[in-house]
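# Inside the fold
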Amino acid sequence: MYNPLVNDDSCSWIKDLNSRTNIKVLKKDDDCEWLVVGAGYTGLSVARKLGQLHPNQKIIITDAQLAGEGASSRNSGYLVDTTLNDGFTSNKELDNYKKKADIYDLGINAVKKFINEYQVDCDWNECGKYFASSKKEDKKILRNFSDTLTKLGFEHNLLSINELSKKLGTNFYNVALHTKGGILLHPGKLVRAMVDVLPKNVCLYENSFLLSWNKIKDIISCEFQNGKINTKKIIFATNGFLKSLGIKSNYNFPITLTASMTRPLTEDEFKSIGQPKEWGVLPVRPMGATIRMTKDRRILIRNTAEIHNPFKMSKFDLKKRSINQKISIKKRFPQLPEDIIKSSWSGVVSRSRNSSQIFEKIDKNIFVAGCYNGSGIGVGTLFGEQIAIKASQENTKEIKTIETRNKPTRLPPQPLLNLGVKIRLIYERLRAVKDI
Ligand SMILES: Cc1cc2nc3c(=O)[nH]c(=O)nc-3n(C[C@H](O)[C@H](O)[C@H](O)COP(=O)(O)OP(=O)(O)OC[C@H]3O[C@@H](n4cnc5c(N)ncnc54)[C@H](O)[C@@H]3O)c2cc1C
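Residues numbered from 1 in each chain as written. Predicted model: local features only at pLDDT ≥ 70, side-chain atom pairs only at ≥ 80, totals over all residues. Heavy atoms only, no water.

Moving on, we come to the pattern of salt bridges. Where charged atoms of side chains with opposite charge meet at close range, the side chains can pair. All told, the structure shown has 24 salt bridges when counted by the stated rule. With a shortest N-O distance of 3.3 Å, Glu33 and Lys232 are connected by a salt bridge. Placement of Glu33 in strand β1 (residues 30-37) and of Lys232 in strand β11 (residues 227-236) is noted, with a sequence separation of 199 residues between them. A relative accessible area of 19% means that Glu33 is categorised as buried. The shortest N-O distance in the salt bridge between Glu267 and Arg297 comes to 3.0 Å. (Salt bridge = Lys/Arg side-chain N within 4 Å of Asp/Glu carboxyl O. Helix = DSSP H or I, 4+ residues; strand = E, 2+ residues; numbered from the N terminus. Buried < 20%, exposed > 50% of the residue type's maximum accessible area, 1.4 Å probe, protein only.)

Below, the structure is given as structure tokens:
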């Protein structure tokens, strides 16, 4: 079956879950009132909300892979309240920062409500997060950030080196700021729960890749490899793959990230690093490593972001990045053995020029939500629910907050775009080289 969306089959978060049964693939023509394309946090939240709002209508959701097994299962699991670098723009404008933080706050509430309503166990830990750097001179960046956080009322504190090494079990970092808000969770468990609770009137087709779509009068006709779906309304929730479907292609572009996870540390290994509690570190400079100690003593690291074919990363390419990640872990924890990485994987996210998200009606009965600039756990869940409400012609205070934020700005044309992004990524990588 033709499906260019082939992903490596090695992400530890997915391997932690039970294999699913009764996978339905689209094999003949079908039709519906609502079609949702993409079954990650966004699409699954759209489908769940539509199912609740329209219990008597037929809703179909499709995914090119198994539901939830794209970026939604492959991320680092930080449900963020604040970000220092969610791109390469600065946080100079307080007003804009507040608008972004208001959306993050609604995103956290959306996930919280979901896990409370369905009693989801996703290793939820309200331990906050660290923004840390090995470079002493980055203290200035953190002081400025601290000012912003103080003005907006976010609880946080700057840490001394001693405090830091005790909390993290490494002497690698020299400066850090801890924010109290922000949650660490198991991304795979969260999205799997969203698959499991889809309402009865929602039909899920997996391993079903949307090849093309067009609108003729009031019907949107969607071509898949082995069948066609005709729908009255459609919501695109393919995030890193919006551009490849021609959706808002002048406003967002895909970036591929790679991450690795170790096996759980042994008792002795854990003792050797001082038995720290679960923690998560985000880099002070955009291209530095995100690194996390999980509840079950595994270390996760993500330290690449690049322009790459979003449909496939070869084993060879992945191996190169995995070796790099082994070195990064060793830099921070020299006492740990070399061969503890259990899995390495890639995932695709969507970026915009000004770090704004996409939430809109692009034509009559055609809607899109996505482009979370690397922070989509909460915002994807929120945007999914709210775009379903908007498409149902209802309004909420959440929609008002989302729409108050600037829309993504237009991107330069190709090949300037790729060239510009590549140069920027190289520049940022050089600036963060110690912390990769
Ligand atoms: C390594 C990594 C680390 C990250 N860390 C964090 C983090 O710590 N915190 C955070 O908030 N976010 C993080 N993110 C980003 C986060 O994972 C995404 O923002 C989020 O998953 C977006 O959810 P989504 O449902 O919109 O998109 P996705 O989960 O990407 O789902 C889109 C789905 O669309 C499907 N699709 C694509 N094209 C087609 C097609 N033609 N036909 C049918 N289906 C199609 C895909 O198979 C996919 O399943 C990270 C991402 C990566 C890769």
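Okay, the pairing of strand β2 (residues 59-62) next. Of the two faces of β2, both are covered, the one formed by Ile59 and Ile61 as well as the one formed by Ile60 and Thr62. When β1 meets β2, the two strands line up parallel, connected through 4 bridges. Pairing of Val37 across the sheet is with Thr62, part of β2. Viewed along the sheet, the connection from β1 through helix α2 (residues 41-53) into β2 turns out right-handed. Two elements, β2 and strand β8 (residues 202-205), share 4 bridges in a ladder whose sense is parallel. Bridge pairing in β8 places Thr62 opposite Tyr205. (Pairing = 2+ DSSP bridges. Right-handed = clockwise from strand over helix to strand, strands pointing away.)

Now for the packing of aromatic side chains. The geometry of an aromatic ring pair is captured by two quantities: the separation of the ring centres and the angle between the planes. This structure, assessed with the given rule, holds 8 aromatic pairs. Ring geometry for Phe114 versus Tyr118: centroids 5.1 Å apart, planes at 45°, classification tilted. A ring pair is formed by Phe241 and Phe311, whose centres lie 5.4 Å apart and whose planes are at 50°; its orientation type is tilted. Here Phe241, found in the loop between β11 and β12 (253-262), pairs with Phe311, found in the loop between β15 (299-306) and α9 (315-332); they are 70 residues apart in sequence, far enough to count as distant. (Phe/Tyr/Trp six-rings, centres within 6.5 Å; stacked < 30°, edge-to-face > 60°.)

Moving on, we come to the packing of α2 against helix α7 (residues 187-196). Put simply, α2 and α7 touch, their axes get as near as 9 Å, and they point 30° apart. In this view, α2 runs roughly parallel relative to α7, as classed from their interaxial angle. The element α2 and its partner α7 pack so that their crossing is left-handed. In this structure, α2 contributes Tyr41, Leu44, Ser45 and Arg48 to the contact, and α7 contributes Pro187, Leu190, Val191, Met194 and Val195. Grouping the constituent residues of the contact of α2 with α7 by class yields 7 nonpolar, 1 polar and 1 charged. (Axes fitted to C-alpha atoms, helices over the stretch in contact; angles between N-to-C directions. Parallel < 35°, antiparallel > 145°, perpendicular 65-115°, else oblique. Left-handed = near helix turned anticlockwise from the far one by under 90°. Contact = heavy atoms within 4.5 Å. Nonpolar A, V, L, I, M, F, W, Y, C, P; charged D, E, K, R; others polar.)

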